[in-house]
Amino acid sequence: MTALELSEIQAYLLSDYQQMGYSKYYLMQVKDAAATKNFLAAIAHGITHANATITDTCFNIGFTSNGLKQLGYNETNMHSFSREFREGMVTEHRQRLLGNFESSDPSKWQWGAPANDRIDLILMVFGKDEAIAEDFYNGIKDKFETALSVIHILDGKAMPDNREHFGFRDGISQPVIKGSGLPPCGNNNDIEPGEFVLGYKNEYTVYPDTALLKIAQGKPELLADNAEGLADERTKVKYKDVGQNGTYFVLLQLQQDVDGFWEFWKKQSVETDEKKRNEEATMLAAKMMGRWPGGAPLVKYDKDPGVDVTDDNFKYVKEDASGNKCPFGAHIRRMNPRDVFEESSPKVSLSLTRRHRIMRRVRSYGEDFIGSAENHKPNGEVGLLFGCFNANISKQFEFLQYTWGNSPKFKRLYADPDPLIGVREDPEKKLGQIFTIPQATTNRVISDMQSFVTVKGGAYFFFPSITAIKFLATI
Amino acid sequence: MIHQHPLITLAEVREDKLHILKTRLEDIRVSLLNAQMSEQPVEFGKVSTLHYGRWVILSRDSFRDEPAIPVGIRLVLTTNYDGIGNDHEDYHLAELVTQLTQYIDDLYECCVGYPEPEERTEESRKNFLKKGLIRTSAFYNGAPGRSVSQIHQEDSLHQHIWKFLKNKKWDEGTPAVEIHRAIKQEIDSRPEFEWTKEKAGVQGIKWLSLIAYGVLFIVMLPLIIGWLVYLFIFHELWDKKVTLAQSDLDDTKINELKKVEDIFPQNQFTQVAVLKPGFARRLNFRIWMFRTRVLAGDIFVKGKLLNIPTIHFARWVLIDKNKHVLFFSNFDGNWEQYLGDFIDQSGWGLTAIFCNTVKFPRTNFMGVLGIIPGMPLTFPGSKFVLTGGAYDEEHFLAWSRSTQVPTQVWYCPYRHLSIKNVNNNTMIRNELRQDLTEEQAKLFLKRF
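It should be emphasised that the depicted structure is a prediction, and the values quoted were computed from it without experimental measurement.

A. View of the interface of chain A and chain B. Opposite the 53 residues of chain A that make contact, chain B presents 57 residues. A buried area of about 4,700 Å², summed over both sides, lies between chain A and chain B, and 48% of it is on carbon and sulfur atoms. When the buried surface of chain A facing chain B is broken down by residue, Arg83, Arg412 and Tyr414 of chain A rank first, second and third, together holding 14% of it. Salt-bridge contacts for Asp248 of chain B lead to Lys214 of chain A; the nearest nitrogen and oxygen are separated by 3.2 Å. Across the contact surface, chain A and chain B share 24 residue pairs in polar contact (both at pLDDT 80 or more). Sorting elements by how many residues they give to the side of chain A that touches chain B places helix α12 (residues 394-406) of chain A first, with 5 residues. For the side of chain A that touches chain B, the class distribution of residues is 17 nonpolar, 17 polar and 19 charged.

B. View of a negative patch on the surface. A contiguous patch of negative charge on the surface is contributed by Asp56, Asp129, Glu130 and Asp135 of chain A. Using a relative accessible area of 37% as the deciding quantity, one classes Glu130 of chain A as partly exposed.

C. Structural context of a nonpolar patch on the surface. Residue and element names in this part refer to chain B. Where nonpolar side chains cluster on the molecular surface, the patch consists of Trp207, Ile211, Val215, Leu216, Val219, Met220, Leu223 and Phe290 and spans about 800 Å² of accessible area. Here the nonpolar patch gets 7 residues from one element, more than from any other, and that element is helix α7 (residues 207-234). Residue position: Phe290 is located in helix α9 (residues 279-299). For Phe290, a relative accessible area of 37% puts it in the partly exposed group.

D. A look at the domain arrangement of chain A. Residue and element names in this part refer to chain A. Partitioning chain A into domains gives domain 1 (6-251 + 458-472) and domain 2 (256-356 + 404-453). Put simply, the middle of domain 1 and the middle of domain 2, counted by C-alpha atoms, are 32 Å apart. Tallying the contact residues gives 25 residues for domain 1 and 32 residues for domain 2. Summed over both sides, the interface of domain 1 with domain 2 buries roughly 2,400 Å², with 50% coming from carbon and sulfur. Linking domain 1 to domain 2 there are 4 salt bridges.

E. Structural view of the packing of aromatic side chains. Scanning all chains against the criterion turns up 53 aromatic pairs over all chains. Ring centres 6.1 Å apart and planes at 20° place the aromatic pair Tyr52 of chain B and Trp410 of chain B in the stacked group. Residue Tyr52 of chain B is located in strand β2 (residues 50-58), and its partner Trp410 of chain B is located in strand β10 (residues 409-411); the two are separated by 358 residues in the primary sequence. The class for Tyr52 of chain B is buried, based on a relative accessible area of 1%. A residue is classified by how much of its surface remains accessible, and Trp410 of chain B, at 16% relative accessible area, is buried. An aromatic cluster is built from Phe166, Phe168, Phe261, Trp262, Phe264, Trp265, Phe435 and Phe452 of chain A, whose rings are joined through pairwise contacts. A cation over an aromatic ring shows up here: Arg315 of chain B above the ring of Phe328 of chain B, its NZ or CZ 5.8 Å from the ring centre. Of note, Arg415 of chain B hangs over the ring of Phe264 of chain B, and the distance from its end group to the ring centre comes to 4.5 Å.

F. Region of interest: the pattern of salt bridges. Evaluated as defined, the whole model comprises 47 salt bridges over all chains. Across the pair Glu134 of chain A and Lys24 of chain A runs a salt bridge, and its minimum N-O distance is 2.9 Å. Placement of Glu134 of chain A in helix α6 (residues 130-144) and of Lys24 of chain A in strand β1 (residues 22-30) is noted, with a sequence separation of 110 residues between them. In this structure, the salt-bridge partner of Arg360 of chain A is Asp170 of chain A, at a minimum N-O distance of 2.7 Å. With Arg360 of chain A in strand β10 (residues 359-360) and Asp170 of chain A in the loop between β4 (148-157) and β5 (176-177), this residue pair connects regions lying 190 residues apart in the sequence. The class of Arg360 of chain A is partly exposed, set by a relative accessible area of 21%. What you see here is one network of salt bridges that share partners, running through Arg24, Asp105, Glu109, Arg120 and Arg125 of chain B.

Analysis parameters
Residues numbered from 1 in each chain as written. Chains lettered and ligands numbered in written order. Predicted model: local features only at pLDDT ≥ 70, side-chain atom pairs only at ≥ 80, totals over all residues. Heavy atoms only, no water. Contact = heavy atoms within 4.5 Å. Buried area = accessible area lost by both parts, 1.4 Å probe. Salt bridge = Lys/Arg side-chain N within 4 Å of Asp/Glu carboxyl O. Polar contact = N/O pair within 3.5 Å; in protein donor to acceptor, adjacent residues only side chain to side chain. Helix = DSSP H or I, 4+ residues; strand = E, 2+ residues; numbered from the N terminus. Nonpolar A, V, L, I, M, F, W, Y, C, P; charged D, E, K, R; others polar. Patch = residues over 30% accessible without salt bridge, like charges linked within 9 Å, V, L, I, M, F, W, Y side chains within 5 Å. Areas by Shrake-Rupley, 256 points an atom, 1.4 Å probe, with all protein chains shown as cover. Lys, Arg positive; Asp, Glu negative; His and termini not counted. Charge placed at Lys NZ, Arg CZ, Asp CG, Glu CD. Buried < 20%, exposed > 50% of the residue type's maximum accessible area, 1.4 Å probe, protein only. Domains from an automatic or database assignment. Phe/Tyr/Trp six-rings, centres within 6.5 Å; stacked < 30°, edge-to-face > 60°. Lys NZ or Arg CZ within 6 Å of the ring centre and 35° of its normal.

Structure (structure tokens):
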């Protein structure tokens, strides 16, 4: 097993910083490229890498493709970054893939769309609490004041009890990168590093497309040769790799309509008694999620155990081939199909599933509020700062969102998008939008599904290695 | 049972008319899309035998690699159609030229040799298209025996029963057989579903063919092994390593392809590749075409091509004195998923065919295991023997995109149905009329 170069990799990839109660994401624009490079050179050693001892604060940095261009990144070199990253999250085709329409249309976004101010980079500051995070930021502010301007700030919090605002425990099934030094966790979650870090082999045992330096600029001697050994055809000199130990980060601001969510499920209930109605609404919401609010998987628990259960040790073929326990359309069954990938054998399915995983990094914003059928009216806007790391945005994040999330044709279904993340406000009439809950005899059908999540902004970032940041300071 | 067939016809485009042709194709594309988006009837729908259809301009620019022989500009028409009557091809062509007369005239008057306006009759139009007909080398159908009208009928049956089940309240504990019976009664009471009384023919696996194939394989085994070793030593070892990555692809071309993708849950793919020079590679390609023809026609008849469960129709066609190969498919989901499926499920099957085209990612013993249908990926040693090709994921995806040809007009008659839906609907129809046990009835109800 190849060991990761931990002191090169930004730590947020390997740690969810759960102990960091508060976070501030500063979306910035380059005012002065030279000054920005000076700033990068000055702070490179202070970026939290995966070998660093984490104390009260963490600090990470990512770049959009615009940001690299602003720094003077060579156009030919730019081309070896992945297309998704280069084009950014907002293109006509990508809008269709990601399903960002109606209220989630990029024209309505608060940040990240072409109509908003351009974003070049993201500074992520994490602190044990808000004051510590702000102190840290104020401490580095004078270093970039002439270089960068702040476009937008996203305040985030570690989710209380790991629960998101609808009330469900989050982040239970999370990949562990092989070679990262973290203990293997089983349950098909141990994944080859190349799925998350450039410069390592992925689950196909090949190297992911990486950002080769085809034209020399800055101080290429800082960088290592690319791991695959690709070389200039004429000179036979191996290309330097800017991507080595770097990764891509997807960020989405998702507003959650907690009240709408629970009202919808309560309306589906046939019960008249308040308590029973709340119980049924909770059961239906759990069917949609695939887990009870506390995290207990439906495959193993047919009743709400009422306590938090972070059990990820289950599969579908033997336990629930009929979907009577966990519906085929349930969010977790779509996002991680485990041993039922299309119609492949269980063993093949498990290996195919490993090729479409993401490292989720989610923070919540707005009031600390955990919704439930009984209590679902938060004060003000609440939502998620959804983030995820992946080495191939197309094969991982976009595949999950489109093929497994938005597509109503998932598996053998007819008109079932992912009930949590794939529902459109204005679906194609011919199809409609439903959620099918398999039962012993006749399936239960929830028709006219509604969307409870609205995209407010989003962007793709490149998270370079520490060395690559030092290199970027020299271009 | 009505069989489905592939039709492909090429016409030489007049260079001075190319621009007009492109404009007209784009007009057709846009008006078709607008009509589909607003649920209006479309011109293509009038052709009762037509499943999928497309027009593609194929010129030197469509080729990523240097063509083996000089090529002009051609307008390619492909359809998948229901075979009606003794001369089903003639019947289908007649329908095309009579129902889509305006399209045919508008497009083909930009081509060499199309009849002058005063000479245009059903016969002369048909004869023009006939002149350009070529043979399809291998053809796959995800739902053999299902005609367009049958697919629509069975879709309406599914929807009707779905609504019936949803609107009726069933007492808890009602046996599934009773519900099944109630559904049957409901359908019987509706004259519009009279046709369900006739069982739908579903093509089974031709075991005889499979056995013959197996025997042939065993008999030929020494020869096959010799052939593979020969190819490995004298060809594969000499192939250059391909390093083209997706990030190397031309942005303009990719954007042109993406412009028409993922508008519906189904997509199309058109590809042209140049066969490697030399007798051995050409023979090898023919061998794999033979294999694919047998497997696709006789074995893969249950909605899965080489284990890929998302393809409605696919075909390979040799053109230009058998030096170039065209590949067409109609599939569910998006490009990334589709190609991912190819790699994930059947890298060997694809590799075996396409490794005979130039600048395909380098292979070793090209799909030696692909001879045996359904050979699992996890076969011991397969990782060692079978490397490169489609398993070289990044370079395979780049190869695929870079050899793809933009499709100017694409018609899909049942874009709201996945191939799994189509096959499931037929099962619903057939199981509706069967006497089912409680367990079978439960499975029947799971189909909704």
